[in-house]
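# Geometric and topological summary
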Amino acid sequence: MKPTTSHWGAFSAEVDAEGRLRVEPHPADPAPSPLLGNLGAALDHPTRVARPAVRRGWLENGPGPDDRRGRDEFVEVPWDDVLDRLAAELDRVRTGHGNQAIFGGSYGWASAGRFHHAQSQLHRFLNTIGGFTASRNSYSNGTSSVLLPHVVGDTHAVLRQASTWPTIAEHTELIVAFGGVPEKNVFVTPGGVTVHGTPGHLTRFGGRVALISPLRDDVPSTVDARWYPIRPATDTALMLALAHTLVAEGLHDRGFLDRYCVGYPEFERSLLDKDPEWAAGITGIPAADIVALAREMAAHRTLVTVTWSLQRTEFGEQPVWAGIALAAMLGQIGLPGGGFGHGYGSMGDVGDTGPELRIPHLPQGVNPVGEFIPVARIADLLLHPGESYDYDGEVRRYPDTRLVYWAGGNPFHHHQDLNRLRRAFTRPDTVVVHEPHWTATARHADIVLPATTALEREDLGSGRRDTHVVAMHRIASPAGEARDDYAIFAALAARLGVSGAFTEGRSARQWLEHLYRGWRSEPAFDEFWAAGGLRLPPGREHHTLFADFRADPDAHPLKTPSGRIEITSATVAGFGYPDCPGHPVWLAPTETGPLRLIANQPHTRLHSQLDAGDTSRAGKVAGRERIRLNPADAAARGITTGDVVRVFNNRGACLAGAVLDDALRPGVAQLPTGAWFDPVEDHAGGPLCAHGNPNVLTADIPSSRLSQGCAGQHAAVDVERFDGPLPEVRALRSPIPPQVDRPATVPR
Ligand code: PGD
């Protein structure tokens, strides 16, 4: 058994005599992730891209816009040939159109491993050939990361210096959890997590939890929570009514608001008519419960937390900003275990206790092209070159994109309104994808280069707040002709005359040694490697910026224009965005429908990764992604558990396998993200995903003009039983026929 790690945990593994992967969790891990069960599919699975492949239309007609992308067949091409063609195409685009015509944002989670991190490799390579148009922010918390600097001056302080779970256990009496603290997500931290402490902390928490979510299981079953089954996308209305009650009953902390905040009076004036009866009509939470909760919050050490999913919606700034305003009114910001938290249960490292150390990483160089897009505007970038849009007080323009290069991400999983994204992907001249698997993104590319998985290469692995740095050993040899992203870029760099700048003359193993030595001298690299990693010194309790601010706001001002918490921001007000005015407001979702779909993170895989793995497949119903429905909504539609249903709206439709569950409030359906998009070309009822990807239903709209963040968490939909002939799920097979005659060379 050899050590390695993944975004969902460290483990040892080996391939047994029958070619099966045997996995043992890291001995220090008290709660190994169920996602380890998916790893078998990372080996020689039929969905692995075995050899470089080029779309027939691109091979025959050359680069150019093409609506056959995603529909055309692929031809396998030898490595040298495909690399020659790709190098020539990169050169054509950069010399003919300029480097900003290359979109290399390439958003995505890729795999654990600091050196072979796919985006870092791509960005370093593109920087050595003159740069690229980048993307900014994330699909995870891209709305908050633009808003928070205006409100508290710092994103890091909120996301990475929250009270730790041990502090919460000691001090917090009440957690008011907007979006809950979903256990499924705490197994994951980008880069790796060796000791999963959060599940145990959650189970042991002895205080009270108010769970505010349409889903009862948004806290672990071991937590004794009081469930407030709120209508989706109405949390801000509830927060405003809680704030209204605090004012009406004189329970707000005037001293804190005067000393540490600006813009409270304007906000308070806006609360006048936001009483609990008003909110009850919007949220579905009885007025008496709202009043009682507000009183309880004022009487105890209270942590107001908001999950990242709440900001992944239209007007997603509002619940975050209103949550901060509410916590400020309670006057507990900066006290241990009190105040505001963001992302508990959204990711493993929020509230975790590991050290906050900078671990080695691959330098990416400098991008000479200044262009970027907010990450979730990818379809607009391709569909609307030259058009202007608002972003955080600026008016920007989309550059003209000729070549899209993706490594380590799956936009045909992560983006909204996939039918629109398909249209957007017809526009560029060339789409290049490095992928271990035939994902939907690979199937929408012109050039698909087979990448190794983390099991097939050596690396250094560690995540934020990880307790260990893992010496990631090679567990298996590469599937088919897969190559490391590094090897692919090194070969392209050689063709483009920038080999030295890209590789600095190092092999992959030499890079690992180089990065490690630049980070620490003891133990020596060989010793570290032989030991399988090293345990990092324990971290101290996070130093919280808000504690210093509370102690002396003049000596430790926030980085906002006023140095204070901006409950009203003159800067944001000055932008004049109706969808994100100068202080938190209630804005009703623009789309309504018979059911509100929650398209949240799956508990059977990380995003779309390893959807063909055992844990992921075991969670499916009738081979499709599982949709949960409240029994009353199902009964009204004649649906029972195990039925295949069609989930639809005016953007698209998908099939899913129904499960009835009263853990959902009526009127709500839940279909997690990540089933590999499987479009049925000629379905009579319009475009249909046979497999259950909810992003055919979500709208490609930004959270607001301020942040342009992803709003994919919700969609207005309806559901009906599907009695027609069932289209087969083809996404978990290879698109290349097994016995195809592979040409040794392809005529040019
Ligand atoms: P992954 O499935 O992790 O999804 O979107 P993201 O694109 O990150 O994709 C990573 C891809 O990288 C996989 O296909 C994997 O095979 C590939 N890969 C892994 N290792 C390597 C490697 O070493 N080299 C190469 N070349 N490829 C590799 C996630 C995104 O989805 C996120 S972060 C969030 S938070 C969003 N959440 C939602 C949501 O809540 N609701 C909706 N509707 N949509 C969302 N989309 C977003």
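Residues numbered from 1 in each chain as written. Predicted model: local features only at pLDDT ≥ 70, side-chain atom pairs only at ≥ 80, totals over all residues. Heavy atoms only, no water.

Note the cut-off: UniProt positions are given in the numbering used here, feature names are shortened, and annotations may be inferred rather than shown by experiment.
Per an unreviewed UniProt entry, the protein chain goes by the name Biotin/methionine sulfoxide reductase and belongs to Amycolatopsis pretoriensis. Recorded under Sequence similarities (unreviewed entry), the UniProt text for the protein chain is reproduced unchanged: "Belongs to the prokaryotic molybdopterin-containing oxidoreductase family."

## As for the site of the ligand
The cut-off we apply is this: Throughout this document, a residue counts as near a molecule or strand when at least one of its heavy atoms sits within 4 Å of that molecule or strand. Nitrogen and oxygen atoms within 3.5 Å of one another constitute a polar contact, given that in protein one can donate a hydrogen and the other can accept it, and given that sequence-neighbouring residues count only through two side-chain atoms. Per-residue accessibility takes into account occlusion by the displayed protein chains alone, with areas from the Shrake-Rupley method and a 1.4 Å probe. Segments assigned H or I by DSSP are reported as helices when at least four residues long, segments assigned E as strands when at least two residues long, and all are numbered from the N terminus. Side-chain classes follow a simple rule in which Ala, Val, Leu, Ile, Met, Phe, Trp, Tyr, Cys and Pro form the nonpolar group, Asp, Glu, Lys and Arg form the charged group, and the remainder, Gly included, forms the polar group.
Every one of the 33 residues lining the ligand counts as a neighbour, but Ser111, His414, Glu435, Asp485 and Ser608 are closest to it. At 2.7 Å, a side-chain N or O of Arg457 approaches an oxygen atom of the ligand. Surface burial for the ligand is 98%, taken as the share of its 920 Å² of free accessible area covered by protein chains. Elements represented by at least two residues in the shell around the ligand include exactly helix H15 (411-414) and strand S18 (430-435). Within the shell around the ligand, the residues separate by chemical class into eight nonpolar, 21 polar and four charged.

## Considering helix H2 (residues 79-97)
To keep things clear, this is the line we draw: By this rule the span expected of a helix is its residue count minus one, scaled by 1.5 Å. Throughout this description, buried means an accessible area under 20% of the type-specific maximum (1.4 Å probe, protein chains only), exposed means over 50%, and partly exposed covers the range between.
For H2, built from 19 residues, the straight-helix expectation of 27 Å at 1.5 Å per residue is met to within 8% by its first-to-last C-alpha distance of 26 Å. Along H2, the residues that are buried comprise Trp79, Asp81, Val82, Leu83, Arg85, Leu86, Ala87, Glu89, Leu90 and Val93.

## Quick look at the pattern of salt bridges
For clarity, the threshold we go by: The salt bridge definition used is simple: a Lys or Arg side-chain nitrogen within 4 Å of an Asp or Glu carboxyl oxygen.
Overall, the coordinates contain 55 salt bridges when judged by the stated rule. Among the salt bridges present, the one from Arg51 reaches Glu76, with a minimum N-O distance of 2.9 Å. Residue Arg51 is located in the loop between strand S3 (21-25) and strand S4 (53-55), and its partner Glu76 is located in strand S5 (residues 74-76); the two are separated by 25 residues in the primary sequence. Exposure remark for Arg51: the relative accessible area of 21% places this residue in the partly exposed category.

## Some points on the packing of helix H11 (residues 276-283) against helix H12 (residues 287-299)
Think of two packed helices as two axes; the pair is described by the angle between the axes and how far apart they sit. Note the cut-off: Lines are fitted to the C-alpha atoms to define the axes, a helix being fitted only along its stretch in contact, and any angle between axes, read from their N-to-C directions, falls within 0 to 180 degrees. Definitions for this section: a left-handed crossing has its near helix turned counterclockwise from the far helix by less than a right angle. A right-handed crossing has that turn clockwise. Only heavy atoms enter the contact rule, under which two residues are in contact if any of them lie within 4.5 Å.
Where H11 meets H12, the axes come as close as 8 Å, and the angle between the chain directions of the two elements is 115 degrees. You can see that H11 and H12 cross each other, and the crossing is right-handed. Between H11 and H12, the contacting residues are Pro276, Glu277, Ala279 and Ala280 on the first element and Ala287, Ile290 and Val291 on the second. Of the residues in the contact of H11 with H12, the class split is six nonpolar, no polar and one charged.

## Quick word on the nonpolar core
Applicable threshold: The term nonpolar core refers to a set of buried residues drawn from Ala, Val, Leu, Ile, Met, Phe, Trp, Tyr and Cys, joined through side-chain atoms within 4.5 Å.
Membership of the largest hydrophobic core comes to 204 residues, with the highest contact counts inside it found for Leu90, Phe125, Phe178, Leu492, Ile565 and Ile627. Per-element tally for this core: the top contributor is helix H13 (residues 317-330), with 10 residues. Discounting residues that sit within four places of it in the chain, Ile627 has contacts with Leu597, Val645, Val647, Ala656, Gly657, Ala658, Val659, Ala669, Gln670, Leu671 and Val719. Counting seven residues, the second-largest nonpolar core is a separate cluster that includes Ala653, Val680, Leu688 and Phe722.

## Some words on the pairing of strand S27 (residues 653-660)
Quick reminder of the rule: Any two strands between which DSSP finds at least two bridges are classified as paired.
The element S27 is largely enclosed, with a buried count of seven among its eight residues. Bridge count for strand S26 (residues 644-648) against S27 is five bridges, and the pairing is antiparallel. The residue of S27 that forms the bridge with Phe648 is Ala653. Bridge analysis of S27 against strand S30 (residues 688-689) gives two bridges, and the strand direction is parallel. Bridge pairing in S30 places Cys654 opposite Cys689.

## Section: the UniProt feature "domain: Molybdopterin dinucleotide-binding" (unreviewed entry) in the protein chain
According to UniProt, the feature "domain: Molybdopterin dinucleotide-binding" (unreviewed entry) maps to residues 595-712 in the numbering used here. Note that residues 595-712 is 9% helix and 24% strand, and that its end C-alpha atoms are spaced 15 Å apart.

## Considerations on the environment of Gly105
Turning to its location among the elements, Gly105 is positioned in the loop between strand S6 (102-103) and helix H3 (118-128). Given the relative accessible area of 6%, Gly105 is considered buried. Along the chain, Gly105 and Val176 lie 71 residues apart, while their C-alpha atoms are 36 Å from each other. Filtering out sequence-adjacent residues up to four positions away, Gly105 remains in contact with Gln119, His123, Phe132, Thr133, Ala134 and Ser135.

## Some points on the sheet that holds S5
As summarised here, the arrangement of the six strands in space is S5-S4-S19-S18-S17-S6, forming an open sheet in which the pairing is mixed. Looking at which strands have only one partner, the edges of the open sheet turn out to be S5 and S6. Of the strand pairs in this sheet, S6 and strand S17 (residues 403-407) are connected by two bridges, and their pairing is parallel. By the bridge assignment, Ile102 is partnered in S17 with Leu403. Each of S4, S6, S17, S18 and strand S19 (447-450) is contacted by H2, which is oriented at about 130 degrees to S19, the strand it contacts most.

## A short note on the sheet that holds strand S13 (residues 339-342)
Sheet architecture is open: five strands sit in the order S10-S9-S8-S12-S13, paired in parallel fashion. Both edges of this open sheet fall to strand S10 (225-228) and S13, since each of them pairs with a single strand only. Here the strands of the sheet are splayed against their neighbours by 20 degrees on average, with no regard to which way each runs. Pairing between strand S8 (residues 174-178) and strand S12 (residues 302-306): five bridges, direction parallel. Of the residues in S12, the one forming a bridge with Phe178 is Val306. Sheet contacts for helix H8 (residues 235-248): S8, strand S9 (208-212) and S12; angle to S8, the most-contacted strand, approximately 145 degrees.

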